[in-house]
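Notes for the structure review
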Amino acid sequence: MIPAISPEDAETFARDGIVCMRNMFDPAWVADLQSLADDMLNAEERHPEQSQELAKHGDEGRFFNEMFIWPRHDGFKRVIFDSPIAAIAGPVMGATRAHVLFDQLLIKEPGTGEPTPWHHDQPYWPFRGAQICTLWLALDAVTAESGAVEYVKGSHRWGKKFQPTSFVGDGRYQQDGLDVLPDIEAMRDDFDIVQFEMAPGDCTLHHGLTVHAAPGNKLADRRRRAYVTRWGGDDVTYDPRDGTQPMLRDPGLKAGDPVECDLWPVVWQQAA
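Quick look at the structure, then. Given the structure is predicted, the values throughout are model-derived calculations rather than measurements. (Residues numbered from 1 in each chain as written. Predicted model: local features only at pLDDT ≥ 70, side-chain atom pairs only at ≥ 80, totals over all residues. Heavy atoms only, no water.)

1. Re the overall build of the protein
On a plain count of helices and strands, the protein comes out with 4 helices and 14 strands. For 272 residues, the compact-globule formula gives about 19 Å, and the C-alpha radius of gyration of the protein, at 17 Å, lands near that figure. Each principal axis of the C-alpha atoms in the protein carries an extent, and together these give about 50 × 45 × 40 Å. The buried share of the protein, reckoned over its 272 residues, is 55%. For the protein, contacts bridging at least 24 residues in sequence account for 82% of all contacts bridging at least 6. When the accessible surface of the protein is split by element, carbon and sulfur atoms take 48% of a total near 12000 Å². Separation of charge centres in the protein, based on 26 positive and 43 negative side chains, amounts to 1 Å. (Helix = DSSP H or I, 4+ residues; strand = E, 2+ residues; numbered from the N terminus. Rg over C-alpha atoms; globule rule 2.2 N^0.38 Å. Buried < 20%, exposed > 50% of the residue type's maximum accessible area, 1.4 Å probe, protein only. Contact = heavy atoms within 4.5 Å. Areas by Shrake-Rupley, 256 points an atom, 1.4 Å probe, with all protein chains shown as cover. Lys, Arg positive; Asp, Glu negative; His and termini not counted. Charge placed at Lys NZ, Arg CZ, Asp CG, Glu CD.)

Below is the structure:
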């Protein structure tokens, strides 16, 4: 069953660059993803480029990141193609089709002090276009104490792209011609910052240029598992540059080509 997308959801996304949508995934999908996430978290073998442990040395918890999962794992592929996930992302960002760009697990185990630094997504990626978004699906109850994401409302309309910040602190994503992101934390009172507490099955969608961050998971008895999917709409083209995040493989496209390939397939299309 595909949940209804209200005009207000799309309007909020366009205005604020962030919208929270409640009860969008039924418990069966959530349970499947919880099990799949735990299997991936506990797997003995890791992809050398797409798997990272992001908690710094001395952090008692674990901040786990795994990317480009669905092309390598049938369970996640079923979620991408059979769940309502693409049919939520496409209409909310105002697109007539939705390409899956990649998927990701972001898991903060109890007692993980490592925050997610302030950043916006699009400069990390080899994509250009206005219709790029992230769907962040909660697999656990999420509160401020367990690491709920904070968003700077309207920051997608600043007309700026900022230097990507490497979560592992090694400067690997530095690019020419981009400004350093302002110190959002020191200027919090100057911005309209929103944070959503969420139940399993709730999701947020944020624009590829919306500035956001997340605190660590301070709780000793609750995990913060999120299944994160990145989507492109009608106008998205391939834009390879030095410093962008490596994709799973070479897509076989030239700069400026539409993202029409098996690495970034169309999952949802608006009915004629």
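Here the narrative resumes.
2. Side note on the pattern of salt bridges
In a structure, side chains of opposite charge can pair up when their charged atoms sit close to one another. What the rule picks out here adds up to 20 salt bridges. Among the ionic pairs, K160 bridges to D179, the shortest N-O distance being 2.3 Å. Taken together, the residues K160 in the loop between β8 (150–152) and β9 (193–195) and D179 in the loop between β8 and β9 connect sequence positions 19 residues apart. Here D239 makes a salt bridge to R241, at a shortest N to O gap of 2.8 Å. Since its relative accessible area comes to 11%, D239 is described here as buried. Three or more residues are tied together by salt bridges with common partners; here these are D38, E109, D140, R223 and R225. (Salt bridge = Lys/Arg side-chain N within 4 Å of Asp/Glu carboxyl O.)

3. Observations regarding the nonpolar core
Core analysis: the biggest nonpolar cluster contains 40 residues, and F25, F76, L135, L205, Y227 and W231 have the highest contact counts within it. Of the residues forming this core, the biggest block, 7 residues, is contributed by helix α2 (residues 27–41). (Core = buried A, V, L, I, M, F, W, Y, C linked by side-chain atoms within 4.5 Å.)

4. Quick look at the packing of α2 against helix α3 (residues 74–82)
It is the contact of α2 with α3, at a shortest axis distance of 10 Å, that shows an interaxial angle of 145 degrees. Considering the relative orientation of α2 and α3, their crossing is left-handed. The residues of α3 that touch α2, namely those facing W29, D32, L33, L36, A37 and M40, are G75, F76, R78, V79 and D82. Residues of the contact of α2 with α3, tallied by class, amount to 7 nonpolar, 1 polar and 3 charged. (Axes fitted to C-alpha atoms, helices over the stretch in contact; angles between N-to-C directions. Left-handed = near helix turned anticlockwise from the far one by under 90°. Nonpolar A, V, L, I, M, F, W, Y, C, P; charged D, E, K, R; others polar.)

5. Considerations on α3
Along α3, the residues that are buried comprise G75, F76, V79 and I80. On an axial view of α3, the arc spanned by its buried residues comes to 140 degrees, and they lie on one face. Among the exposed residues of α3, those oriented more than 90 degrees off its buried face are D74 and D82. Here the buried face of α3 lies against α2, α4 (85–92), β4 (97–108), β12 (224–232) and β14 (266–269). (Arc of directions from axis to C-beta.)

6. Remarks on the packing of aromatic side chains
With the rule as written, the count across this model stands at 9 aromatic pairs. For the ring pair W70 and F81, a centre distance of 5.5 Å and an interplane angle of 75 degrees mean the geometry is edge-to-face. A residue pair is termed long-range when its members are at least 10 positions apart, and W70 in the loop between β3 (63–67) and α3 and F81 in helix α3 qualify at 11 residues. For F81, a relative accessible area of 35% translates into the label partly exposed. Their ring planes at 45 degrees and their centres at 5.7 Å tell us that Y238 and W264 sit as a pair that is tilted. Pair noted here: Y238 is in strand β13 (residues 237–238) and W264 is in the loop between β13 and β14, with a separation of 26 residues, a long-range link. In terms of burial, Y238 and W264 fall into one category: buried. Taken together, F68, F102 and W125 form an aromatic cluster joined through their ring pairs. The lysine or arginine in question, K108, covers the ring of F63, its NZ or CZ lying 4.7 Å from the ring centre. (Phe/Tyr/Trp six-rings, centres within 6.5 Å; stacked < 30°, edge-to-face > 60°. Lys NZ or Arg CZ within 6 Å of the ring centre and 35° of its normal.)

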